[in-house]
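# Residue-level structure breakdown
One-letter residues, chain by chain:
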Amino acid sequence: MAQELAIQLKNLSKQYKHITAVNDLSLTVNTGEIFGFLGPNGAGKSTTIRMMLSLITPTKGDVIIFGKQLAKERNAILANIGCIIEKPDFYLYLSAKKNLELFARMNGLRPSASKLEEMFDLVGLAGRSSDSVKTYSHGMKQRLGLAQALIHEPALIVLDEPTTGLDPQGIIDLRNLILRLKNEFGKTIVLSSHILSEMELIADSMVIINKGKAVVQGKVAELLSNEDLIVRFEVSDTERAKSEIGFSQWNTFFRNDENGRLFMQISKDEIPLLNSFLVEKGVSVSGITYQRSLEDYFLKLTHQV
Amino acid sequence: MKALFQMTPIELFKITTKPRSYIGFLAITVIVLLIEFAFYIDGKTYLQFIMQTLEQSFTIQGNILNGNLICFIILQMLIVQMPLMVALVTGDLISGEAAGGTIRLLLTKPVSHANILMAKYLAGSIYTFLLILWLGVLALGGGYLVFGHGDLMVLKSEELVILRDGDILWRFLGAFVIAFLSLNVIATFSLMLSCFTDNSIGPIITSMSVIILFTIIGTIDIPFFDQLKPFLFTTHMIIWRNLFDNPLPKSQIITSITVLVGHIILFLSIAFYHFTRKDIQN
């Protein structure tokens, strides 16, 4: 059964005098998925997201969200979207609770005190709702931004660079919350980020754009399955391992650091093969860890290397 | 329309939570009370000095130093400063949101740009109305309370107009309505400027600069400027004084009201045109 489309961008373009910020961009986002939006600075990510939210008028093309054309049914569409655009800004002279209430009222809601508290609980700000936003850290504002994006229970959530300025724990919390929103509440989430490994951890599909054009789009798992990983092997005898690998099919792909750890650039399928090879050669392997070389993939696709 | 009813109280609430919104009320309170206090202490001496030349030709009886005169004097003095108090708030309505970044969230809500701007205009107008109302309460109400009632003597450059106590209240009401319209022109003008920039200082300073410039043009008697004067809104902002003429220059008042309303419509139209097409890039 074909999955319903949450977003369709059709030949979307934005021209500023002599600059083409977005150039004939077309993409689709399925309902209920986390969609990653990647690209280097100035690639047109923010402009595209702003066109999806009617903050910027496209020069050409269509934005269709849940089957409705944004140019014709803007308000009906926006009623079903929650968003954070770049940094979360609020009325600093008001309390967090009052800010949340105001934004809810702009959506035509009059949330009860318990509903507001429920939102503060959800984003981890319980007990801080009465504080002035002036006293909030960036991470707290980001959480409040999420509460603001969720208060009207939208089906689509758009988060533009949501991890910017967050500490590691904040990033993990945000990631867990995004996954929860998708898995428990069935939300569709569009996410732009510069932290590419984050995208691999949570996105189902993604698009990489460069110079306003889509370079690649598809399922994250499919796009990255054939890409090499940087795999670290913790071995009993580094010198022997190096020597054995030197005479093997992997001889051109290894390096080691001063701590005696081996780093191999190989595909995921090759990890058990190399592990067996080393064991057969009498080298004990005590640990294998890997990270995706997404940066390389990203740069390769955006023609910067 | 529903969105407008939904947004206007929100915009009004935002105005009430900003400290700058109270500067105008505070300034009016201090200035009016100061003037009333000064007249209470020394008003009779002041009036004797003013009336010296008149008393050579007329015999003046009754309570000249009354609430009507005090209110008239206060209106003359304050109408010059009040545009600043209004622009301080209305010049910030859009640009303040842009500077604070909240405009991004505001414009992604299911309310049209036109309704958001209209709600801000209405909230700014309500604020202006409340400012005028406060001035009325303090100047006229306070004046009657402290100085009592009496006929109003309006000394003009070429004539002396004496208005009966019973014939004055409606004139003051009319004067406050025209003062409201005048300040609404300033509110709309600064709101319009506010749509073009991302900082609120610009619209406030520009509004005041334009008022000062137009006022200077209006006071210099050069033939070239004389041709411009009918088109300047500042020329028509002082028409409230004509309500204290006898007979009433109706056509002049109607013309000025038309020009003021025309300016409001013009500034609002420019603001709508720009704001509804504005790309939010910051």
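Rules used in this analysis
Residues numbered from 1 in each chain as written. Chains lettered and ligands numbered in written order. Predicted model: local features only at pLDDT ≥ 70, side-chain atom pairs only at ≥ 80, totals over all residues. Helix = DSSP H or I, 4+ residues; strand = E, 2+ residues; numbered from the N terminus. Buried ≥ 20, exposed ≤ 12 C-beta atoms within 10 Å, placed from the backbone. Contact = placed C-beta atoms within 7 Å. Axes fitted to C-alpha atoms, helices over the stretch in contact; angles between N-to-C directions. Parallel < 35°, antiparallel > 145°, perpendicular 65-115°, else oblique. Left-handed = near helix turned anticlockwise from the far one by under 90°. Nonpolar A, V, L, I, M, F, W, Y, C, P; charged D, E, K, R; others polar. Domains from an automatic or database assignment. Pairing = 2+ DSSP bridges. pLDDT = per-residue confidence, 0-100. Core = buried A, V, L, I, M, F, W, Y, C linked by C-beta atoms within 7 Å.

## Here's the deal with the overall build of chain B
- Tallying secondary structure elements over chain B gives eleven helices and two strands in all.
- The order of α-helices and β-strands along chain B, N terminus first, is α-α-α-α-α-α-β-β-α-α-α-α-α.
- Once the C-alpha set of chain B is aligned to its principal axes, its extents read approximately 70 × 45 × 30 Å.
- Residues counted as buried form 41% of the 282 residues belonging to chain B.
- Nonlocal contacts in chain B, meaning residues at least 24 apart in sequence, comprise 79% of its contacts between residues at least 6 apart.

## Some details on the overall build of chain A
- Along the backbone of chain A there are eleven helices and 14 strands.
- Of all 305 residues assigned to chain A, the portion counted as buried reaches 37%.
- A fraction of 70% describes how many contacts in chain A between residues 6 or more apart in sequence connect residues 24 or more apart.

## Structural notes on the packing of helix H3 (residues 96-106) of chain A against helix H5 (residues 138-150) of chain A
Residues and elements named next belong to chain A.
- Taken N-terminus to C-terminus, the directions of H3 and H5 make an angle of 30 degrees; their axes are 9 Å apart at the nearest point. The angle between the axes of H3 and H5 places the two elements in the roughly parallel class. Between H3 and H5 lies a crossing of right-handed hand. Contacts from Ala96, Asn99, Leu100 and Phe103 of H3 reach H5 at Leu144, Ala147 and Gln148.
- Its residues placed into classes, the contact of H3 with H5 shows five nonpolar, two polar and no charged.

## Brief notes about the domain arrangement of chain A
- By domain assignment, chain A separates into domain 1 (5-224) and domain 2 (227-301).
- The gap between the C-alpha centroids of domain 1 of chain A and domain 2 of chain A is 38 Å.

## Brief notes about the sheet that holds strand E4 (residues 60-65) of chain A
Residues and elements named next belong to chain A.
- An order of E2-E1-E4-E5 is seen for the four strands of this open sheet, with the pairing classed as antiparallel. Each having just a single partner strand, strand E2 (19-30) and strand E5 (68-69) make up the two edges of the open sheet.
- Note: strand E1 (residues 5-16) against E2, eight bridges, orientation antiparallel. Looking across to E2, one finds that Ile7 is bridged to Val29.

## Some details on the pairing of E1 of chain A
All names here are of chain A.
- Count of turn residues in the E1/E2 antiparallel hairpin: two residues, of which Lys17 carries a positive phi of about 45 degrees.
- Note that E1 and E4 share five bridges and pair antiparallel. Bridge pairing in E4 places Gln8 opposite Ile64.

## Overview of the interface of chain B and chain A
- Contact residues are listed per partner, giving 20 residues for chain B and 23 residues for chain A.
- Looking at which element gives the most residues to the side of chain B that touches chain A, the answer is helix H1 (residues 2-17) of chain B, with four residues.
- Looking at the side of chain B that touches chain A residue by residue, the class counts come to six nonpolar, eight polar and six charged.

## Examining the sheet that holds strand E9 (residues 205-210) of chain A
All names here are of chain A.
- Read across the open sheet, the six strands follow the order E6-E7-E8-E3-E9-E10; overall the sheet is mixed. Sheet topology places strand E6 (81-84) and strand E10 (213-219) at the edges, where each strand pairs with a single neighbour. Across this sheet, the average inter-strand angle for adjacent strands is 15 degrees, counted without regard to direction.
- Bridging between strand E7 (residues 156-160) and strand E8 (residues 188-192) involves five bridges; their strand directions are parallel. Bridged to Asp160 within E8 is Ser192.
- Lying over the sheet, helix H1 (residues 45-52) contacts strand E3 (34-38), E7, E8 and E9, oriented at roughly 150 degrees with respect to E7.
- Its contacts with the sheet place helix H6 (residues 168-183) against E3, E7 and E8, and it is angled at close to 150 degrees to E8.

## A word on the packing of helix H7 (residues 169-194) of chain B against helix H11 (residues 250-275) of chain B
Residue and element names in this part refer to chain B.
- Interaxial distance between H7 and H11 falls to 9 Å at its minimum, and their mutual angle equals 20 degrees. Of the possible angle classes, the one that applies to H7 and H11 is roughly parallel. Along this stretch, H7 crosses H11, giving a crossing that reads as left-handed. Counting all contacts with H7, which are made through Ile178, Leu181, Ser182, Asn184, Val185, Thr188, Phe189, Leu191 and Met192, the residues of H11 involved are Ile257, Leu260, Val261, His263, Ile264, Phe267, Leu268, Ile270 and Ala271.
- Residue composition of the contact of H7 with H11, by class: 14 nonpolar, four polar and no charged.

## Some points on the confidence of the model for chain A
- Residue-level pLDDT values for chain A average 87, and 90% of them are 70 or greater.
- Of all secondary-structure elements in chain A, the lowest mean pLDDT belongs to helix H11 (residues 294-301) of chain A, at 65, while E4 of chain A reaches the highest, 96.

## Re the environment of Leu25 of chain A
All names here are of chain A.
- Residue placement: Leu25 occurs in strand E2.
- By the C-beta count within 10 Å, which is 24 here, Leu25 ends up buried.
- In the structure, Leu25 is positioned 48 residues away from Glu73 in sequence and 21 Å away in space, judged by C-alpha atoms.
- Excluding residues that lie within four positions of it along the chain, Leu25 makes contacts with Leu9, Leu12, Thr48, Ile209, Gly212, Lys213 and Ala214.

## Here we look at the environment of Thr238 of chain A
All names here are of chain A.
- Following the sequence through the fold, Thr238 ends up in helix H9 (residues 238-246).
- Take Thr238: there are 17 C-beta atoms within 10 Å of it, and that puts it in the partly exposed class.
- The sequence separation of Thr238 and Arg261 amounts to 23 residues, and the corresponding C-alpha distance is 7.0 Å.

## What to know about the nonpolar core
- With 139 residues, the main nonpolar core has Phe35, Ala147, Val158, Ile189 and Leu191 of chain A together with Val86 and Ala139 of chain B as its most contacted residues.
- Broken down by element, the residue count for this core peaks at 15 residues, all from H7 of chain B.
- Sequence-distant contacts of Ala139 of chain B, defined by excluding residues within four places in its chain, comprise Val32, Ile70, Cys71, Ile74 and Leu75 of chain B.
- Ranked by size, the runner-up nonpolar core spans ten residues in total, among them Val231, Phe233, Val235 and Val283 of chain A.

## A few points about the environment of Leu268 of chain B
Residue and element names in this part refer to chain B.
- Examined against the element boundaries, Leu268 turns out to sit in helix H11.
- Residue classification places Leu268 among the partly exposed positions, given that 18 C-beta atoms sit within 10 Å.
- Separated by 77 residues in sequence, Leu268 and Leu191 place their C-alpha atoms 8.2 Å apart.
- Every residue in contact with Leu268, bar those within four places of it in the chain, is listed here: Tyr121 and Thr188.

## Digging into the pairing of E10 of chain A
Residues and elements named next belong to chain A.
- One ladder, built from six bridges, connects E9 with E10; its direction is antiparallel. Paired with Met206 across the strands is Gly218, a residue of E10.
- Between E9 and E10, which pair antiparallel in sequence order, lie two residues; one of them, Lys211, sits at a positive phi of approximately 50 degrees.

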